[in-house]
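Close look at the chain arrangement
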Amino acid sequence: MSKSALKKYLSSLKKRELEIQILDLYERFPQVKTFYDFAFNPKEDKLIGDAKARISNEYFPRKRKRPRARRSVAQKFIRKFSTLGMDPYLLADLMLYNLETAQRFSAVRKVNEAFYKSMLRSYSEAVSHVILHSLENEFQNRMDHIYAQVREQDWDFADEFERIHSTTTLKEL
């Protein structure tokens, strides 16, 4: 069904019929429930706090012995929050928190090449997000620190990190 056909159909419904359809969607589809829960009571700070706790637990677990260090955990939160339309500032904070946590982990544990490649992708996405939403002034110090840690810890793909990082510092030249 096209968007225009949907609009035509919805405009033909009476208010009560439309309410019944929306309530049915709310009950049937978890994504619709999540959307409306977020739209009417966002609690963004709580959601970010929960996400940060889960990301931290991936690298520094409290209950199990071995860390999993999966980038996918953070990516699920980032995708979900982006879809819900979360404040770009809070989303950028979460993206950078993920990288900072991964760097604390790699400072004390040996990691493989896939880890570095994954973090390069995360860094690229975070920098793009920060630039897209003109948040460089708020996050430049953190991005600089992340890049400095890449160099200090001698991460693989450091040249790629440098190329990406240079896009945030061009405005200063």
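Just so it is clear, the structure is predicted and the values come from calculations on it, not from any experiment.

Turning our eyes to something else, we now look at the overall build of the protein. Scanning the protein from N- to C-terminus turns up nine helices and zero strands. Across the protein, helices and strands are ordered from the amino to the carboxyl terminus as α-α-α-α-α-α-α-α-α. Rg of the C-alpha trace for the protein: 20 Å, well past the compact-globule value of 16 Å for 173 residues, more than 25% over. Each principal axis of the C-alpha distribution contributes one length, and for the protein these read about 65 × 45 × 30 Å. Looking at the 173 residues of the protein, the share that counts as buried comes to 36%. Put simply, the protein shows about 11400 Å² of open surface, and 53% of that area lies on carbon and sulfur atoms. One finds the centroid of the 32 positive side-chain charges in the protein at a distance of 9 Å from the centroid of its 24 negative side-chain charges.

With a phi close to 45°, Lys43 is a non-glycine residue in the positive phi region. In this fold, Lys43 is placed in the loop between helix 3 (30-40) and helix 4 (44-59). For Lys43, a relative accessible area of 48% puts it in the partly exposed group. Of note, Ser134 is a non-glycine position whose phi angle comes to about 50°, a positive value. Within the fold, Ser134 resides in the loop between helix 7 (113-132) and helix 8 (136-152). The exposure class assigned to Ser134 is exposed, which follows from its relative accessible area of 54%.

Packing of helix 2 (residues 15-28) against helix 3 brings their axes to within 5 Å, and their N-to-C directions diverge by 110°. Considering their axes alone, helix 2 and helix 3 lie roughly perpendicular with respect to each other. Two secondary-structure elements touch here, helix 2 through Ile22, Leu25, Tyr26 and Arg28 and helix 3 through Pro30, Val32, Lys33, Tyr36 and Asp37.

What follows deals with the nonpolar core. Of all hydrophobic cores here, the largest spans 41 residues; its most connected members are Phe81, Leu94, Phe115, Met119, Tyr123 and Phe161. At ten residues, the largest contribution of residues to this core is made by helix 6 (residues 88-108). For Phe161, the residues in contact, after removing those within four places along its chain, are Tyr116, Met119, Leu120, Tyr123, Tyr147, Val150, Trp155 and Asp156.

Turning our eyes to something else, we now look at the side chain of Arg71. Structurally, the position occupied by Arg71 is in helix 5 (residues 71-84). The class of Arg71 is buried, set by a relative accessible area of 14%. Among the polar contacts listed, one links the side chain of Arg71 to the backbone oxygen of Ser118, at a separation of 3.0 Å. For Arg71, the side chain forms a polar contact with the side chain of Glu125, separated by 3.2 Å.

Rules used in this analysis
Residues numbered from 1 in each chain as written. Predicted model: local features only at pLDDT ≥ 70, side-chain atom pairs only at ≥ 80, totals over all residues. Heavy atoms only, no water. Helix = DSSP H or I, 4+ residues; strand = E, 2+ residues; numbered from the N terminus. Rg over C-alpha atoms; globule rule 2.2 N^0.38 Å. Buried < 20%, exposed > 50% of the residue type's maximum accessible area, 1.4 Å probe, protein only. Areas by Shrake-Rupley, 256 points an atom, 1.4 Å probe, with all protein chains shown as cover. Lys, Arg positive; Asp, Glu negative; His and termini not counted. Charge placed at Lys NZ, Arg CZ, Asp CG, Glu CD. Axes fitted to C-alpha atoms, helices over the stretch in contact; angles between N-to-C directions. Parallel < 35°, antiparallel > 145°, perpendicular 65-115°, else oblique. Contact = heavy atoms within 4.5 Å. Core = buried A, V, L, I, M, F, W, Y, C linked by side-chain atoms within 4.5 Å. Polar contact = N/O pair within 3.5 Å; in protein donor to acceptor, adjacent residues only side chain to side chain.

Limitation: the analysis is restricted to geometry and does not speak to function.
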